[in-house]
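Architecture at a glance
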Amino acid sequence: MKLELSRVVQGGYRLGVLREIGRAATSSLEVPGCLLYTRCGTVPHLTQETLHTLSPLPSVTQLTLSTVAEHQEVLEEYKDGFKKFAGLQDTVLYCSLHDPLTPRPAGHVTNKTVSVWGSGGRIELTVGRFMAMQKALRPDLYQSMADGETWQGDATSRKRLRKSVDRTLAHLDECLLIHQQTAELQGAEVLGVVEGGDCLEERLRSARETAKRPVGGFCLDGFQTGSMDGSLRTQLISAVAGELPEDKPRLLQGVGRPDEVVACVEAGVDLFESFFPFQVTERGCALTFDLDLSLDPERAGITPSTPVLELGEELDETWQPERGGDAELEDGEETMTPFEMDLKDTKYRGDFRPLVEGCGCYCCTNHQRAYLHHLLVTNELLAGVLLMLHNTAQYTAFFRALRAALASDQLELFKARVLRIKRVV
């Protein structure tokens, strides 16, 4: 696996291609970019046949250990790895520890174990069991075992942060030792995890020590949305990036909202998990990006007075999502963002336009907003299928447009066009 960078801004974004990914070393992935989010190897709401109506898709598929840990015995008996088991031979498989959208209680990490939560509850993993799972799954890339609980506390002590870094490094060393001795994992890459919470000193120590190990790349953990102030997140990521080698990729966990993605790209992040389209779909919403940077800013309605969400800031408190009368937020549900429309709103009942003009996804080329509104208010399963197709297409197009903006020095225009607070839909 080789990261070839075509453009690097000192202390900022990186543009390039991650080449020779996977055991066959034939796949590539442009950065900044995203992985394909799955649950148990399947994109939510979509079959493999339906998913492949979208093109191009990310070449790396994310599998979370928490969704398959209950099936360890079956996978060990199968013996041919998860890609063949799930019919995913045409992709690169990356295995992470936790599903970014599954809540997990704190307080279940010890010096010897971490816990993941599957459909049947908590599953405790030692390094031996963790590596036995990797042996059965045979991924192309996988995240090392780590103590990543510190981001969930409001005031985690310095002692606890230090222990998190120490445990994570100890787990990494054990994983690497077993990895080197396991024939089924030869050719796979291990990603080291950088921990340290909101403490700069521990973050830097974690980054420096992890970079000394023979890892293929780095997972930046503990920066999940809601875990800390956005400006602090970007400051810490920038500092950590300065300690990591330039020729290895950096994957950020738990951040998917477009404005936060751009802020983290500017801080030096290469790869992101793509769970955000699923979140939007579950809200009954559709992503609506304005990605045509060829238009003159004034023709596109962007003026000096246009409200823009500054990178690293929280959403403007004056902006309120438009929601239908029966679409109140439930406890624990994520708030609607400025990048989406709520199709449950009755104003779409007679709207016969596609979700986004010019979007080439199956939903936009065959159906209208009014039909999606009908499917949602009648609780038809087809609503989730069509919305997930559209939202996945829009999210991958967002990353393509971001890369194009970086390559053509149009990042400021991109931020003004895509990150506006008030959207006209």
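Every chain is numbered on its own, with residues counted from 1 as its sequence reads. The model is predicted, so local features are restricted to residues of pLDDT at least 70 and side-chain atom pairs to those at 80 or more, both for listing and for counting; the totals for chains, interfaces and linings are taken over all residues. In computing side-chain values, all of the structure's heavy atoms are included and hydrogens and water are not.

What to know about the overall build of the protein
Counting its secondary structure elements, the protein contains 14 helices and 16 strands. By residue count, 56% of the 425 residues in the protein fall in the buried class. Taking the intrachain contacts of the protein between residues at least 6 apart in sequence as the baseline, contacts between residues at least 24 apart amount to 69%. All accessible-area figures derive from a Shrake-Rupley calculation using a 1.4 Å probe, and residue coverage is judged against the displayed protein chains alone. Carbon and sulfur atoms form 48% of the exposed surface of the protein, whose accessible area is close to 18000 Å². The helix and strand labels rest on DSSP assignments: H or I over at least four residues marks a helix, E over at least two residues marks a strand, and numbering proceeds from the N terminus. Throughout this description, buried means an accessible area under 20% of the type-specific maximum (1.4 Å probe, protein chains only), exposed means over 50%, and partly exposed covers the range between. Whether two residues touch is decided by their heavy atoms; if any such pair falls within 4.5 Å, the residues are in contact.

Remarks on the confidence of the model for the protein
For the protein, mean pLDDT is 88; residues scoring 70 or higher make up 88% of the total. Highest mean pLDDT in the protein belongs to strand E14 (residues 271-272) (98); lowest belongs to helix H14 (residues 411-418) (87). Low confidence marks residues 299-333, where pLDDT is under 50. Its contacts with residues over four positions away, or in another chain, come to 69 contacts. Predicted confidence for residues 421-425 stays below pLDDT 50, and this span has 22 contacts to residues more than four positions away or in other chains. Confidence scores per residue from the predictor, reported as pLDDT, run from 0 to 100.

What to know about the sheet that holds strand E2 (residues 14-21)
With antiparallel pairing, the three strands of this open sheet are ordered in space as E1-E2-E3. Of all strands in the sheet, those with a lone pairing partner are strand E1 (2-8) and strand E3 (27-31), marking the two edges. Each strand axis lies, on average, 15 degrees off the axis of its neighbour in the sheet, ignoring direction. DSSP calls a pair of strands paired once it identifies at least 2 bridges connecting them. Bridge analysis of E1 against E2 gives six bridges, and the strand direction is antiparallel. Bridge pairing links Arg 7 to Leu 15 in E2. Where helices are involved, their axes are fitted lines through C-alpha atoms of the stretch in contact, as for all axes, and angles between N-to-C directions lie from 0 to 180°. Across the sheet, helix H13 (residues 382-407) lies against E1, E2 and E3, angled at about 125 degrees from E2, the strand it touches most.

Let's talk about the pairing of strand E12 (residues 217-220)
Consecutive side chains of a regular strand alternate in pointing toward one face of the sheet and then the other. Side chains of E12 alternate between two faces, with Gly 217 and Cys 219 and Phe 218 and Leu 220 buried alike. For the crossover from strand E11 (residues 189-194) across helix H7 (residues 200-211) to E12, the handedness is right-handed. Relative to strand E13 (residues 250-252), E12 runs parallel, the two being bridged by three bridges. Looking at E13, one finds that Phe 218 is bridged to Arg 250. Seen with the strands pointing away from the viewer, any crossover whose path from the first strand over the helix to the second strand runs clockwise is right-handed. Once the chain exits E12 it traverses helix H8 (residues 230-241) before rejoining the sheet at E13, and the crossover so formed is right-handed.

Observations regarding the packing of helix H5 (residues 127-137) against helix H6 (residues 158-181)
As a packed pair, H5 and H6 sit with axes 10 Å apart at the nearest point and diverge in direction by 45 degrees. Judged by the inter-axis angle, H5 sits oblique to H6. For the pair H5 and H6, the sense of crossing is right-handed. On H6, the residues touching Val 127, Phe 130 and Met 131 of H5 are His 171, Glu 174, Cys 175, Ile 178 and His 179. Oblique is the label for every angle not falling under 35 degrees (roughly parallel), over 145 degrees (roughly antiparallel), or within 65 to 115 degrees (roughly perpendicular). By convention, the crossing between two helices is left-handed when the near helix turns anticlockwise from the far helix through less than a right angle, and right-handed when the turn is clockwise.

Looking at the pattern of salt bridges
Any Lys or Arg side-chain nitrogen found within 4 Å of a carboxyl oxygen on Asp or Glu counts as a salt bridge. Evaluated as defined, the whole model comprises 28 salt bridges. Glu 4 is the salt-bridge partner of Arg 19, the closest N and O atoms lying 2.8 Å from each other. Taken as a pair, Arg 19 in strand E2 and Glu 4 in strand E1 lie far apart in primary sequence, 15 residues in all. The class of Arg 19 is partly exposed, set by a relative accessible area of 36%. Note on Glu 4: relative accessible area 40%, which makes it partly exposed. For Arg 369, the salt bridge goes to Asp 351, with nearest N and O atoms at 3.3 Å.

Focus on the pairing of E3
One ladder, built from four bridges, connects E2 with E3; its direction is antiparallel. Residue Val 17 lies in a different strand from E3, and its bridge partner there is Glu 30. Here E2 hands over to E3 after five residues, with Gly 22 in that stretch at a positive phi of 90 degrees.

Looking at the nonpolar core
In this text, buried Ala, Val, Leu, Ile, Met, Phe, Trp, Tyr and Cys residues form a nonpolar core when linked through side-chain atoms within 4.5 Å. The biggest cluster of nonpolar side chains holds 69 residues, and the ones touching the most others in it are Leu 65, Phe 130, Leu 137, Leu 220, Leu 252 and Phe 414. Ranked by residue count, the leading element in this core is H13, at seven residues. Not counting residues up to four positions away in its chain, the partners in contact with Leu 137 are Leu 63, Leu 65, Val 68, Leu 75, Gly 81, Phe 82, Leu 93 and Cys 95. Core analysis: the second largest hydrophobic core is formed by 27 residues, Leu 343, Cys 361, Leu 376 and Leu 386 among them.

Here we look at the packing of aromatic side chains
The rule is short: rings of Phe, Tyr and Trp, with Trp giving its six-membered ring, pair when the centres are within 6.5 Å, and they are stacked under 30 degrees, edge-to-face over 60, tilted in between. Enumeration according to the criterion identifies 12 aromatic pairs in this entry. An angle of 80 degrees between the planes, with centres 5.3 Å apart, marks the rings of Phe 398 and Phe 399 as edge-to-face. With relative accessibility at 0%, the residue Phe 398 sits in the buried group. In this structure Phe 399 comes out as buried when scored by relative accessible area, which is 1%. A cation sits over an aromatic face here: Arg 203 above Phe 223, 3.9 Å from the ring centre. Counting as a charge over the ring demands two things of the Lys NZ or Arg CZ atom: a distance within 6 Å of the ring centre and an angle within 35 degrees of the ring normal.

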